[in-house]
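Overview (structure and organization)
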Amino acid sequence: MRSIRKQIIGGAIIIAAVGYLAVTGLGSGWVYYVDVDQYTAQTAATGRRARVFGVVGGNALELNRANLSARFDLVGSTSTLRVDYHGAVPELFQSGRQVVVEGQLGADGVFNADVLLTKCSSKYEGHGRAAREARAAESLR
Amino acid sequence: MIAVVGSFALAAAVIASTASMVACALAARLGDAGWMVRARGLMSATALMFMVAMGVLAAALWRLDFQLEYVADHADASLSPAFRLAALWSGQQGSLLLWATIAAVMTAVFAWMTGRARLRDWGVPLGVLAAINAFFAVLLLFGADPFAVSAGLPMQGRGLNPQLQHWAMIIHPPLLFAGYAGFAVPFAIICGGLGSRRFDADQLAIAQRWTLVAWLFLTAGIALGAWWAYVELGWGGYWAWDPVENASLIPWLTGTALLHTIPVSRHRGVLKGWTAGLAAATFIFCIVGTYITRSGVIESVHAFGRSPVGNYFLVLLTAAAVFSGWVMFAGRERLRAQRGVDSPLSREGVTLLADLLLVAMAGATLLGTLFPVFSGAALTTAVSVGPGFYNRVVSPLGIAVATAMVIAPLLVYGPIASRTLKLGLIPPVAAGGSAAAMAVVLGARSPTFLICAALPAAVLAGLAASIVDSVVTYARHTGFGISASAARVIDSNHRRYGGHLAHLGVGLAVVGIAGSSLLSSNVTATLEPGGELEIGGRAIRFDQLREVRAGGYTAAEAVLTVDPRGPAPTVIRPQRRFYDNAMDAVAEVAIRTTWREDLYVALIGWEGAGQSAAIQARINPLTVWIWAGAGLMVAGGLFSLAPRILPRPRPESFPKIEASPEASAADPLPHPLPVSRP
């Protein structure tokens, strides 16, 4: 029975250590995942690092792929969030697309994003070779 | 109509697997080996039916029979033959069919490997496997039909997702599924054995081999998947803590623990509860992972989307959990240890510690993966945890487990003499210290990295010292030369030395992971032709952007020169490919690998017809060590499984027989493990 007690004590120490790591780890990895409306409604997510999803608005879209930046409106059903993104812009990024941005709200009310993902609802949308080549050629031109 | 044949095969598989399950139950209940012989035949029939279904789907893909929804969704005329084969498992239904087929084949092989005389004892374990086969057959027939016929008649397919068009993607899924399917066997042997009131060393010996087979497949599958992500996804890393990746890591962690715990239970008669629990947990986690990624409960970049398949797996998951919980409770007497684990510095003590740490890693990974679900239920907004959580929690535990490997060659069952331990630790500590010092000289400062850098050196030194010791002793006793002795010593215990080789692989992988994650650097720049960026002391010049047309895609290609003014300038060509059948552009990264570091260059954007291009360059130190380490892990596992090569040495064949009588009488091999059977 002595060994059982030792096992329990050893196990308890490891569980405590893991628990400590897990709690502090949750703090450093914690990211809210909300839509634009929830985010702008001043919930717990506002002011902290968050992933926000919405649709890219058609107005005031400033895109510069080579300079690795994009400024655009992220639109929800009732509200809009201005996003300033720096980084590689995904190929599929365009107005009307569902996207997810990750970052934090700046003092000027603009959301500073360092992650921009296009939600890929249709990986297999076939559009025929001609359309494909045209698009590739266009993006090269 | 070829699809009818496939559906018919699946229906036959449902019948055969259900019948084999009933036959196993009858055999177990009546103690009649005759029913087992029938069950065995039915299991072969099940495997055959699944193979027929696979063959039908393969034929449909080959002939581009677009009337089948699966073919229309996953193939097109531009696919080469190898990728038409890969399309077999690139989608939901096909991959489940592959899993089912592997599981059924393994069941049949396992049943035939069980000698006829002892078949009766295996009724419950084989019945468990038959039930799993029946589950898959029902799932495929009703939940995820690969032979569904589309209403209209599509004239062309949608093609295979271009990112999957890579040779690693042809073999990565079958390896993973073989791992998942394989872990069902130790689960069935151990939990089924407990259910039939049998739990002995013979069973554990068989379970151990199957665990190693499953572990090998899963290890190779995970490593290839990581490598594929690294070369194909173009974001610079190989592991993103994505739910799908975690789903394969969790059973790997518990499976690794199982692999180390079974022999302890078998030889020493302790940690039997751990063995049973880990066998159950590993199988259940294989299912949990599948449930997570196929039910749509968690968002993942690779997930298959919402589907009813998740509900099927939830049923299997519940059944497996209830069954294993029940047999472990009912068989708790059998799981009681014959003796205690007295010393933490014994083989059983360190195994117990490693079990705790590996299970903690698995638990933390599971918690992180499911966190959005928990938080969504408990809070008003869903919270996900990013890589920060895993790096903070899982990584330190991983380093702790890896450190335990250093003393592995010294350990025996029962307490170790402190003098042996102190002497034995000298080589690893000295080697590890030197390696860390060398890393400091080379410029590394991160304490975590230094610990990781010390690891493989320490493992290697400990292993080398142990081999040298054994070989010298053997040579002295037998009179063989050193190389002949070394061959004989290593050949005499494949499990031991295969295990150590795998440990060395883990050490290399750990230092590779630490180097590539802690010491990497990253520069993104927009360059005009002739412009340069600098990373890690080397220049990269952008020469031009051009358009390339190749099979099935059009690519924009940046032509870059590395070290343009150096002695050996080299040209690299990262691309962005636009496949004819896909929406997304796919990055084709240029990677230059040396043993010290990878130079990883991606083209991420451009202006006009090449007036400027955005280039991302990364230096990922020591990345190739990860792949080398994974290779060693697989090699070690294969060596453990391989049969003895040299004939068993007979004392009279020794060149020299030592004077002392007991040395010539006994097997002179310096076995460090006293083998005691429970």
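Okay, the overall build of chain B next. Along the backbone of chain B there are 20 helices and 11 strands. Per-residue burial for chain B yields a buried fraction of 57% across its 678 residues. In chain B, of all internal contacts separated by at least 6 residues, the share reaching a separation of at least 24 is 72%.

Residues and elements named next belong to chain B. A contiguous nonpolar surface patch, about 320 Å² in accessible area, is contributed by Val-5, Leu-48, Met-51 and Val-52. In terms of residue count, the dominant contributor to the nonpolar patch is helix H2 (residues 33-62) (three residues). Mapping Leu-48 onto the fold places it in helix H2.

This part is about the nonpolar core. Residues Val-52 and Phe-72 of chain A together with Phe-50, Trp-99 and Phe-313 of chain B are the most contacted members of the largest nonpolar core, which totals 165 residues. The biggest single contributor to this core is helix H9 (residues 201-233) of chain B, with 13 residues. With residues near it in sequence (within four places) discarded, Trp-99 of chain B still touches Phe-136, Phe-177, Tyr-180, Ala-181, Cys-286, Ile-287, Thr-290 and Phe-313 of chain B. One finds Ala-525, Leu-599, Ala-613 and Ile-619 of chain B within the second-largest nonpolar core, a separate group that totals 23 residues.

On to the environment of Ala-13 of chain B, then. Residues and elements named next belong to chain B. Positionally, Ala-13 belongs in helix H1 (residues 2-30). The class for Ala-13 is buried, based on a relative accessible area of 0%. Sequence separation of Ala-13 and Met-51 is 38 residues, and the distance between their C-alpha atoms is 9.9 Å. Once residues within four sequence positions are removed from consideration, Ala-13 is found in contact with Thr-46, Met-49, Phe-50 and Ala-137.

Okay, the packing of H1 of chain B against H2 of chain B next. Residues and elements named next belong to chain B. At a minimum axis distance of 8 Å, the contact between H1 and H2 shows a crossing angle of 160 degrees. Comparing their axes, H2 and H1 come out roughly antiparallel. Crossing of H1 over H2 shows left-handed handedness. Of the residues that constitute the contact of H1 with H2, the class distribution is 25 nonpolar, four polar and no charged.

All names here are of chain B. Helix length check: helix H15 (residues 418-441) (24 residues) gives 34 Å between terminal C-alpha atoms against 34 Å at 1.5 Å per residue, within 8%. Restricting attention to buried positions, one finds in H15 the residues Leu-421, Gly-424, Pro-428, Gly-432, Ala-435, Ala-436 and Ala-439. Its buried side turned inward, H15 meets helix H16 (447-478). Remark: Gly-443 follows H15 within two positions and exhibits a positive phi of approximately 115 degrees.

Residues and elements named next belong to chain A. Pairing of strand S5 (residues 80-86) with strand S7 (residues 111-118), which is carried by three bridges, proceeds in the parallel orientation. Opposite Asp-84, over in S7, you have Asn-112 as the bridge partner. As defined by bridge partners, strand S6 (residues 98-105) adjoins S7 across seven bridges and the pair is classed as antiparallel. Looking at S7, one finds that Val-101 is bridged to Leu-116. Turn length for the S6-S7 hairpin, with the two strands adjacent in sequence and antiparallel, is five residues, and the turn residue Gly-109 shows positive phi of about 80 degrees.

Residues and elements named next belong to chain B. In total, this model carries 27 aromatic pairs over all chains according to the counting rule given. With 6.0 Å between their ring centres and 90 degrees between their planes, Trp-239 and Trp-241 make a pair best called edge-to-face. Ring-pair connections join several aromatic residues into one group, and the members of that group are Trp-99, Phe-135, Phe-136, Phe-177, Tyr-180 and Phe-313. Positioned above the aromatic ring of Tyr-413 is the side chain of Arg-347, whose terminal nitrogen or guanidinium carbon lies 5.1 Å from the ring centre. The ring of Phe-480 is capped by Arg-488, whose NZ or CZ atom sits 4.3 Å from the centre of that ring.

As a further point, take the sheet that holds strand S9 (residues 590-593) of chain B. Sheets are built from strands paired through backbone hydrogen bonds, the pairs being either parallel or antiparallel. Residues and elements named next belong to chain B. In space, the four strands of this open sheet follow the order S2-S11-S10-S9, with antiparallel pairing throughout. The sheet terminates laterally at strand S2 (521-527) and S9, the two strands that pair on one side only. For this sheet the average axis-to-axis angle between neighbouring strands, irrespective of direction, equals 15 degrees. With seven bridges connecting them, S2 and strand S11 (residues 612-621) associate as antiparallel partners. Each bridged residue has a counterpart across the sheet, and for Thr-526 the counterpart in S11 is Ala-614.

This part takes up the pattern of salt bridges. A full pass over the atoms with the stated rule returns 16 salt bridges over all chains. In this structure, Arg-268 of chain B and Glu-348 of chain B form a salt bridge, with 3.1 Å as the shortest nitrogen-oxygen distance. Of this pair, Arg-268 of chain B sits in helix H10 (residues 243-268) while Glu-348 of chain B sits in helix H13 (residues 347-378), and the two are 80 residues apart along the sequence. In this structure Glu-348 of chain B comes out as buried when scored by relative accessible area, which is 1%. Salt bridges sharing common partners tie together Glu-62, Arg-71, Asp-73, Arg-82 and Asp-84 of chain A.

Here we take up the packing of H2 of chain B against helix H5 (residues 92-113) of chain B. Residue and element names in this part refer to chain B. At a closest axis distance of 8 Å, the pairing of H2 and H5 adopts a crossing angle of 150 degrees. Taken as axis vectors, H2 and H5 run roughly antiparallel relative to one another. Two packed elements cross with a definite hand, and for H2 against H5 that hand is left-handed. Contact residues: Arg-40, Met-43, Ser-44, Thr-46, Ala-47, Phe-50, Met-51, Ala-53, Met-54 and Leu-57 in H2; Gly-94, Leu-97, Leu-98, Ala-100, Thr-101, Ala-104, Val-105, Thr-107, Ala-108, Ala-111 and Trp-112 in H5. Of the residues in the contact of H2 with H5, the class split is 15 nonpolar, five polar and one charged.

Here we take up helix H12 (residues 309-330) of chain B. All names here are of chain B. Its 22 residues place the ends of H12 32 Å apart at the C-alpha level, agreeing with the 32 Å of an ideal helix rising 1.5 Å per residue. Within the sequence span of H12, burial applies to Val-309, Gly-310, Phe-313, Leu-316, Leu-317, Ala-320, Ser-324 and Val-327. The arc that holds every buried residue of H12, seen down its axis, measures 130 degrees, which confines them to one face. What points out from H12, more than 90 degrees from its buried face, is the exposed set Asn-311, Val-315, Val-322, Trp-326, Phe-329 and Ala-330.

Residues and elements named next belong to chain B. Positive phi, normally seen in glycine, also occurs at Leu-64, with a value near 50 degrees. Overall, Leu-64 belongs to the buried group, its relative accessible area being 17%. If you check the backbone angles, Asp-563 has positive phi at about 55 degrees while not being a glycine. For Asp-563, the position within the fold is in the loop between strand S5 (553-562) and strand S6 (570-572).

With that settled, consider the environment of His-260 of chain B. All names here are of chain B. Among the secondary structure elements, His-260 is positioned in helix H10. A relative accessible area of 36% means that His-260 is categorised as partly exposed. His-260 sits 92 residues away from Leu-352 along the chain, and the two C-alpha atoms are 9.3 Å apart. Every residue in contact with His-260, bar those within four places of it in the chain, is listed here: Thr-351 and His-503.

Time to look at the confidence of the model for chain B. All names here are of chain B. The share of residues in chain B with pLDDT of 70 or more is 92%, and the mean pLDDT across the chain is 87. When mean pLDDT is compared element by element in chain B, helix H19 (residues 623-641) scores highest at 96, while helix H20 (residues 661-665) scores lowest at 43. Low confidence marks residues 301-305, where pLDDT is under 50. Its contacts with residues over four positions away, or in another chain, come to 15 contacts. For residues 659-678, every residue scores under 50 in pLDDT, and the model assigns this stretch 37 contacts once sequence neighbours within four places are set aside.

Cut-off values and rules
- Residues numbered from 1 in each chain as written.
- Chains lettered and ligands numbered in written order.
- Predicted model: local features only at pLDDT ≥ 70, side-chain atom pairs only at ≥ 80, totals over all residues.
- Heavy atoms only, no water.
- Helix = DSSP H or I, 4+ residues; strand = E, 2+ residues; numbered from the N terminus.
- Buried < 20%, exposed > 50% of the residue type's maximum accessible area, 1.4 Å probe, protein only.
- Contact = heavy atoms within 4.5 Å.
- Patch = residues over 30% accessible without salt bridge, like charges linked within 9 Å, V, L, I, M, F, W, Y side chains within 5 Å.
- Areas by Shrake-Rupley, 256 points an atom, 1.4 Å probe, with all protein chains shown as cover.
- Salt bridge = Lys/Arg side-chain N within 4 Å of Asp/Glu carboxyl O.
- Core = buried A, V, L, I, M, F, W, Y, C linked by side-chain atoms within 4.5 Å.
- Axes fitted to C-alpha atoms, helices over the stretch in contact; angles between N-to-C directions.
- Parallel < 35°, antiparallel > 145°, perpendicular 65-115°, else oblique.
- Left-handed = near helix turned anticlockwise from the far one by under 90°.
- Nonpolar A, V, L, I, M, F, W, Y, C, P; charged D, E, K, R; others polar.
- Expected span 1.5 Å × (residues − 1).
- Pairing = 2+ DSSP bridges.
- Phe/Tyr/Trp six-rings, centres within 6.5 Å; stacked < 30°, edge-to-face > 60°.
- Lys NZ or Arg CZ within 6 Å of the ring centre and 35° of its normal.
- Arc of directions from axis to C-beta.
- pLDDT = per-residue confidence, 0-100.

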